[in-house]
Structure formats: C-alpha cells, structure tokens
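Here is what each chain is made of, one letter per residue.
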Amino acid sequence: MTKPTLTTTPERSMRWVLPSLLTRESVEGWLRDLPADLTEVVFHLGEGGTRGGPGGTESLQSAICLLHRRHVRTKLSLPPATFSDPSRMGLLTAAETEGDGTQAERTLAYRLPGLVLAQLCEPADATSAAGTVRDRQALTVASNQNLFGHGSARAIAVIGATDHRTHLRDPENVRQVKLENRVLRMLGTRVYHPARNGHPLMEELLEFVYQATENTFDHGRKTLDGTVIEQVRMAAISRHNLGAGAGTVSLNKHFPNPSSVLRAYVERAQRRIAAAGNDPERLHLWSVSVADGGVGIAAKMHSGLDIYEGDLGYEYKLVQEAVLPEGTTKPLGEPGRGRGLVKMMRATDRLGGFFEIRTGRLSLWRSYLTEDGTSEAGLNFKNRHSSAFDLHGEDDPHVPVAGTVVSVLFPAFDLGLNARESPRRG
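Residues numbered from 1 in each chain as written. Predicted model: local features only at pLDDT ≥ 70, side-chain atom pairs only at ≥ 80, totals over all residues. Heavy atoms only, no water.

Here we come to the nonpolar core. Ranked by internal contacts, the top residues of the largest apolar core, which has 65 residues, are Val183, Val266, Phe355, Leu391 and Phe410. Sorting elements by how many residues they give to this core places helix α7 (residues 201–219) first, with eight residues. Filtering out sequence-adjacent residues up to four positions away, leucine 391 remains in contact with Tyr316, Val319, Gln320, Val323, Met345, Phe355, Ile357, Leu364, Trp365 and Arg366. Counting residues in each nonpolar core, the second largest holds 51 residues, with Leu38, Met89, Val116 and Ala129 among its members. (Core = buried A, V, L, I, M, F, W, Y, C linked by side-chain atoms within 4.5 Å. Buried < 20%, exposed > 50% of the residue type's maximum accessible area, 1.4 Å probe, protein only. Helix = DSSP H or I, 4+ residues; strand = E, 2+ residues; numbered from the N terminus. Contact = heavy atoms within 4.5 Å.)

A word on the sheet that holds strand β6 (residues 122–123). Reading across from one edge, β1-β3-β5-β6 is the order of the four strands in this open sheet, with parallel pairing throughout. Among the strands making up the open sheet, the edge pair consists of β1 (13–17) and β6. Here five bridges tie β1 to strand β3 (residues 40–44), and the two strands are oriented parallel to one another. Note on β3: the bridge partner recorded for tryptophan 16 is phenylalanine 43. (Pairing = 2+ DSSP bridges.)

What follows deals with the packing of helix α6 (residues 172–187) against α7. Following both chains from N to C, one finds α6 and α7 inclined at 120 degrees, their axes separated by 10 Å at the closest point. If you check the angle between α6 and α7, you find them oblique. Seen along the crossing, α6 lies across α7 with a hand that is right-handed. Contact residues: α6 offers Glu172, Arg175, Gln176, Leu179, Glu180, Val183, Leu184 and Leu187, while α7 offers Met202, Leu205, Leu206, Val209, Tyr210, Thr213 and Glu214. (Axes fitted to C-alpha atoms, helices over the stretch in contact; angles between N-to-C directions. Parallel < 35°, antiparallel > 145°, perpendicular 65-115°, else oblique. Left-handed = near helix turned anticlockwise from the far one by under 90°.)

Take the packing of aromatic side chains next. Within the structure shown, the criterion is met by nine aromatic pairs. Here tryptophan 30 and phenylalanine 43 contribute two aromatic rings whose centre-to-centre distance is 5.5 Å and whose plane-to-plane angle is 55 degrees, an arrangement assigned as tilted. Taken together, the residues tryptophan 30 in helix α1 (residues 24–32) and phenylalanine 43 in strand β3 connect sequence positions 13 residues apart. The pair tryptophan 30 / phenylalanine 43 is uniform in exposure class, with both members buried. Between the aromatic rings of tyrosine 368 and phenylalanine 381, the centroid separation amounts to 6.2 Å while the plane-to-plane angle is 35 degrees, which identifies the pairing as tilted. Taken together, the residues span a long stretch of sequence, with tyrosine 368 in the loop between β14 (362–367) and β15 (404–411) and phenylalanine 381 in the loop between β14 and β15 at a distance of 13 residues. As far as the burial class goes, tyrosine 368 and phenylalanine 381 line up, both buried. Taken together, Trp16, Trp30 and Phe43 form an aromatic cluster joined through their ring pairs. Over the aromatic face of phenylalanine 217 sits the side chain of arginine 221, whose NZ or CZ is 3.9 Å from the ring centroid. The positively charged end of arginine 366 is found above the aromatic ring belonging to tyrosine 368, 4.6 Å away from the centroid. (Phe/Tyr/Trp six-rings, centres within 6.5 Å; stacked < 30°, edge-to-face > 60°. Lys NZ or Arg CZ within 6 Å of the ring centre and 35° of its normal.)

What follows is the structure, given as structure tokens:
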C-alpha cells in the first residue's frame, strides 16, 4: 500500500507601502489586484507616514478584516527609527496637540489609519515598536473616553471587544449622553446650533452617530457563529474645506471624477449655499462615517457569507430591505427593531446630506438634496414604500470588503447656543 505523500503549500507574502494619502480608491484598487493564494500581507508605513483621505481609514479596516476572514496574516513594518527615542513615545498619550517626531510616528500617535494598522496587524519583526504602539494606543483610547486623533479627523473608537456594554448594560439614555459628550468634545463645543425647519442640526448629527454606533454593537461585533471580531469600531468625523482660498482644497482635486455622485451632491450643496446668500466657492463640509469589520449587512440578513459569491441583485435586495422600517435581523419584540437605519436616513434628510452604505460588493447612496439644492418636500420616513428609502448604485459592483461603513456628508453649520440644552430623541 502506497502511503500518501504529505505536501505543503508554499508561503506567499506581499508587501504594500502605504501611500501618503489613503483613500477608498487606493485601498480598494490594491485589494482588487491581490492574488488569491496569499498567506501574508505586510503593510509598510514609510518615512512620510500616511493620512486618511475620503473613506481611506474605513476601507483599510475593511480590507484587513477581509484578509483575516480569508486566513491571511497581516503584519506592520515601520521605518527603523520609529519611536527609537523612548521620550517620543509620549506622542501616543498627547491629548489635544500634535507632537514632534517623524511622520510615521505622528501617523501612529494620532492619525486614524495608524490606529487601525497597529491594532489589526502583528509586528513584522521582533525589533519593531509596533507591539508597544498597539498597547499604548489602547491605553490612550481607554483613558480618553474612547477618543482618538487630532485636527480635522477624529474618531470615537472601540477596540475589539472593549465596549462597555459587554460588561455593563447601561440604559439607553445613559449611552446617549455619553456619546453626545464625546461628539461635542470632538467638535470643540458643548452647545447646539439653532434649528432648521424645526430640527436642531446638532441633534440630527447626534441622532445619526448614536443610531449608527448602536447598529455596529448589535450587528457588527461578531461573526455568524458568535465569535468576537478583531477590529476597531469607529465613528469618524472629518471637516473638509472646498474652494480656492487659503486652507481649502479645490473641488476638482477633492472630487476629480466629474460624473461621480458625490461631486453631483457637492454641486447641489453649492447651489443651496448660494441661495442662502453665501459664497458657494467656499464650502465647508462635514463627513461622518461609522464603520465596523463585521460580516456585512447582506450576510447578516442572509445568515451566510456565500451571499457575496452569488447574484448581486439579491445582495442589493437584502441591503435595501435592511434600511426599511422593520427591516432587520433582530428578533420580534426587541427594542429598536428595524428603526436604526430609518433614523439615520431621516437625520441625513434634515441635515440636507448625502447618505451612503458601503458593504459587501455594494456602495449604495441616497442624496437628500434636489438638483437646485433644496430639500425634498414631504418625505415619509414611516411608510416602508416611501421613496425616502430608495438606495441607488445597485448595478455598480465593487470589490468585496468586510464590514459595513455608513456615512453622511453634509454642509457644515456653525456651532452656537441653542435654547434646547439637552436633546431628546424618538
């Protein structure tokens, strides 16, 4: 009898030097070209570090979590001098200001891509500071009320399973207050903006963030078999200044594709600004993204990851169903069942914003501004057949990713005192 021959598959590793500006396009383009037989990916942070552009940090996490799902090891390599001076490690615990140090050190100390890289990748070699960085980042996040980052891009971050609700079930109103304090702290204010059409805008922003973070806790923490996912669940807030003056970025540079749906939305927002008597060439936008590295909406609805290998139309149907009233995987009778995404879309409408879901192979969107920059009148957020919930982009397949990113982009409003000192949500 011939004994079977033991064969082993050779290890195959790839190295990616991260670009100085990390965008969704750069991450997904890289991911699309990856060989299927990889066993290891090394992410190299160069001397220039990296900054998160539009959707960049969220896409980086989605890519890393997808590699983990495929049982591909992810490692992080750093320039040799990174944190070689122990005194510079204090950058990681600086609360409000940017420290000195190299660009790579700054990336790891207070930029969101650095948090994701250090938390989700192993050190590439024994002499690397990556392991120490991971521990210090976790301590910084825990001691800073889950806040991470400086400048125009900051996030409320929950690393792995370290969500306080896994240990202590705070009541809903307590969770709301804690989240509001963190969001206001990120924005540098403790007061609210006057209402638009009877709706306080800051309250709508808080509603979006609260509902989105609750959704990630309910649906994005675990695999389908209940295993806790290694990830950084985050609510990231960024401010973008568009125009031709100092401190601004031109529309063409920020949204280079003239036919993109995002650029079309921004042009509508400019018309809104102009109608209010302001300069449309100096447009301030806020983007808020809530991201997880879970199984994605369609797999949760379908109860299987094979949904991402089948018909794209069916995947779209499941995601569209999930945003409708009562469209959820929660059991009947559970609080908040089928209401989270509805409230996020309603808040986006009141903000005059652009709503997007990036999950699985889909990037679905809904603009709540008309061609002339006005808000759509009479939208119904109670009837599941309402056009308020119509998502577009169903025929545009994207590279598969892990998790879900729910985003809103909207014209920034100046923060000021509001008579309603304490918002109440329904």
